[in-house]
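# Per-entry structural report
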Amino acid sequence: MIINADFGHAMQHLFPEGAVQKYTPARLRKKKWSCSTFMLYVGLDRLYDTHHHTIFFSEDYKRNVEQITGSLVLPDDPSIYVQNPSVTDPTLAPSGQSALYILAPVPNNLSDIHWEDVGPRFRDAVLATLEKQPQFSRLREHIVTEKMLTPTQWESEYAVHYGATFNLGHQLSQMMYFRPHNRFKHIPHVWLTGGGTHPGSGLPTILESARITARGILEQGRGVKEGFM
């Protein structure tokens, strides 16, 4: 069996209670979990000729990171990542229009943030911050379609444990070898892949995780065949 589900969610929901003692709900809570992300997907009625990737850092980035991962409070000056894929692939939006992906790192759901209440206000704050940049001036006037995604929705709709979109945190005690191993020793014949296992989160490392798991399964299969023969 190969598990590509969110690691924390899988440990709580895919096995009988008590089957994996190392990853009980109480022990999972003691792990360090990554931040979450507040997301906006917007379609706009004009073409934004910006870079494919743009990052706007908070003026006090150190404080911004502390709010996200330390005190777990809503950032008052968020850092924002904007992806404008339409400049690379024009088929992603109607002619003369744009589709933007807007991301602001925020605390995960171990915080006391009630996103049902603050989500719309934070959405306006993120867009107002972007509108201070010349290339995104008057952005809100051009939105024709929009989807908002909060940490609460990451957990409830997409089964992301604590809404931690980058899975287990990347502290030294949880990186590389110290992440759950691809061959899951706690349950026979189970292999893991994805951001919550070795070697870590982020697209290149997740792809490497899949390669390690695939190679391990193939090597195990050859060993079984040779032993049988």
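Residues numbered from 1 in each chain as written. Predicted model: local features only at pLDDT ≥ 70, side-chain atom pairs only at ≥ 80, totals over all residues. Heavy atoms only, no water.

This part takes up the packing of aromatic side chains. Counted by the stated rule, this structure contains 14 aromatic pairs. A centroid spacing of 5.0 Å and a plane angle of 90 degrees characterise the contact between Phe-38 and Phe-122, whose relative ring orientation is edge-to-face. Remark: Phe-122 occurs in helix α4 (residues 115-131) and Phe-38 occurs in strand β2 (residues 36-44); sequence separation between them is 84 residues. Judged by its relative accessible area of 1%, Phe-38 falls in the buried class. (Phe/Tyr/Trp six-rings, centres within 6.5 Å; stacked < 30°, edge-to-face > 60°. Helix = DSSP H or I, 4+ residues; strand = E, 2+ residues; numbered from the N terminus. Buried < 20%, exposed > 50% of the residue type's maximum accessible area, 1.4 Å probe, protein only.)

So, on to helix α5 (residues 151-158). Within the span of α5, buried status applies to Pro-151, Gln-153 and Trp-154. Mapping the buried residues of α5 onto a view down its axis gives an arc of 160 degrees, with all of them on the same face. Trailing α5 by a residue or two, Ala-159 shows a phi angle of about 55 degrees, which is positive. (Arc of directions from axis to C-beta.)

Our focus in this paragraph is the pairing of strand β3 (residues 53-56). What you see with β3 is a clean split: Thr-54 and Phe-56 sit on the buried side and His-53 and Ile-55 on the side with no burial. The pairing of β3 with strand β4 (residues 80-83) spans four bridges and is classified as antiparallel. The residue bridging Thr-54 from the neighbouring strand is Val-82, located in β4. (Pairing = 2+ DSSP bridges.)

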